[in-house]
Amino acid sequence: MPGMAASSTIFERIQLPADTFEMHLLEWFLPENQETLEAYAQRMAHNVKHEHAILVGVSFGGILVQEMKQFLNPKKVIIISSVKSNAELPRRMKVAKATKAYKLIPTRLFENVEKLAKFALGDYAKQRLKLYEKFLSVRDKHYLDWSIENIINWKRTEVDPEIIHIHGDADEVFPIKHIKKCTIVKGGTHIMILTKYRWLNDNLPKIMLDSM
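Attention here is on the structure that accompanies the text. (Residues numbered from 1 in each chain as written. Predicted model: local features only at pLDDT ≥ 70, side-chain atom pairs only at ≥ 80, totals over all residues. Heavy atoms only, no water.)

**Quick word on the overall build of the chain**
In terms of regular secondary structure, the chain is built from 8 helices and 4 strands. Along its sequence from the N terminus, the chain presents helices and strands in the succession α-β-α-β-α-α-α-α-β-β-α-α. The buried share among the 212 residues of the chain stands at 46%. Put simply, of all contacts in the chain between residues at least 6 apart along the chain, 63% involve residues at least 24 apart. Surface exposure of the chain reaches about 11,900 Å², of which carbon and sulfur atoms provide 54%. (Helix = DSSP H or I, 4+ residues; strand = E, 2+ residues; numbered from the N terminus. Buried < 20%, exposed > 50% of the residue type's maximum accessible area, 1.4 Å probe, protein only. Contact = heavy atoms within 4.5 Å. Areas by Shrake-Rupley, 256 points an atom, 1.4 Å probe, with all protein chains shown as cover.)

What follows is the structure, given as structure tokens:
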């Protein structure tokens, strides 16, 4: 399950041994009006066809697969660049929850990343916008508002001890200082699914097969 608004193309560099694994890629669909995260997770769970699948989720997708777990019987749940409870959210997100400042985010701007790119200042901003243009497939304002609200207001307070967590020590969205009990990827940023694919290709199969 890809991260917020991202398409499954973020996994294009992830290569699992074909003789051992069959990979199925999930895609975001639009939430219904006032749909809870739990209800959305139940709908998404219908797209998992294997009875004992290994669920892998990135960022908000990591939050979602944890919610999907209650509707499925997965062998494992692995989250990458994500959080296991609302206690692991950074302080700025907790402040945004208390003040409801997240409601002021101009999500409508992301409906047209191409126009944003024209006004990007500096090479770094332009490079980031090119990545967004390629990998962010869901730009619907209703979906973006719903996603941000459900990340900020995630209700989970207890960590599921069965969750396997992989996290980069340079993650700028969910800083490592707030993350407990995870496999740390040195130099991994929030988009390490793209930049640390070699590490993931080497280690994900071992993590998936361990104790199975």
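Still to come is the rest of the account.
**Some remarks on helix H6 (residues 141-152)**
The α-helix winds at 3.6 residues per turn, so residues separated by three or four positions along the chain end up facing the same way. The terminal C-alpha atoms of H6, which comprises 12 residues, lie 17 Å apart, in line with the 16 Å expected from a rise of 1.5 Å per residue. All of the buried residues along H6 are Tyr143, Leu144, Trp146, Ser147, Ile148, Asn150, Ile151 and Ile152. Contacts made by the buried residues of H6 are with helix H1 (37-45), helix H2 (60-68) and helix H3 (91-99). A side-chain oxygen of the first residue of H6 lies 3.0 Å from the backbone nitrogen of His142; this N-cap is Asp140. (Expected span 1.5 Å × (residues − 1). Polar contact = N/O pair within 3.5 Å; in protein donor to acceptor, adjacent residues only side chain to side chain.)

**Let's talk about the sheet that holds strand S4 (residues 183-185)**
Within the open sheet, the 4 strands sit side by side as S1-S2-S3-S4. Their pairing is parallel. The open sheet is flanked by strand S1 (54-58) and S4, the only strands paired with a single partner. Between one strand axis and the next, the sheet turns through 15° on average, direction left out of account. Both strand S2 (residues 76-80) and strand S3 (residues 164-168) contribute to a ladder of 3 bridges, which runs parallel. (Pairing = 2+ DSSP bridges. Axes fitted to C-alpha atoms, helices over the stretch in contact; angles between N-to-C directions.)

**Section: the nonpolar core**
In terms of nonpolar packing, the biggest core is built from 56 residues, with Leu64, Met68, Ile80, Ile166 and Ile193 touching the most fellow members. Counting residues per element, the ones that place at least two in this core are H1, S1, H2, S2, H3, H6, helix H7 (192-195) and helix H8 (197-209). For this core, the element with the most residues is H6, which contributes 6 residues. Among residues more than four places away in sequence, those in contact with Met68 are Leu26, Ala41, Met44, Ala45, Val48 and Leu55. (Core = buried A, V, L, I, M, F, W, Y, C linked by side-chain atoms within 4.5 Å.)

**Some words on the pattern of salt bridges**
Counted under the stated rule, the structure contains 8 salt bridges. Here Arg43 and Glu32 are joined by a salt bridge, their closest N and O atoms 3.9 Å apart. One end of the pair, Arg43, is in helix H1; the other, Glu32, is in the segment before H1, and 11 residues separate them in sequence. Among the salt bridges present, the one from Arg156 reaches Glu67, with a minimum N-O distance of 3.3 Å. Here Arg156 is found in the loop between H6 and S3, whereas its partner Glu67 is found in helix H2, with 89 residues between them in sequence. By relative accessible area, Glu67 is classed as buried at 11%. What you see here is one network of salt bridges that share partners, running through Glu32, Glu35 and Arg43. (Salt bridge = Lys/Arg side-chain N within 4 Å of Asp/Glu carboxyl O.)

**Let's talk about the packing of H1 against H2**
Contact geometry for H1 and H2: axes closest at 8 Å, N-to-C directions at 80°. Taken together, the axes of H1 and H2 are roughly perpendicular relative to one another. Along the contact surface, H1 presents Leu37, Tyr40, Ala41, Met44 and Ala45, while H2 presents Phe60, Ile63, Leu64, Glu67 and Met68. Looking at the contact of H1 with H2, its residues break down into 9 nonpolar, no polar and 1 charged. (Parallel < 35°, antiparallel > 145°, perpendicular 65-115°, else oblique. Nonpolar A, V, L, I, M, F, W, Y, C, P; charged D, E, K, R; others polar.)

Purely geometric stuff here, so don't read any function into it on its own.
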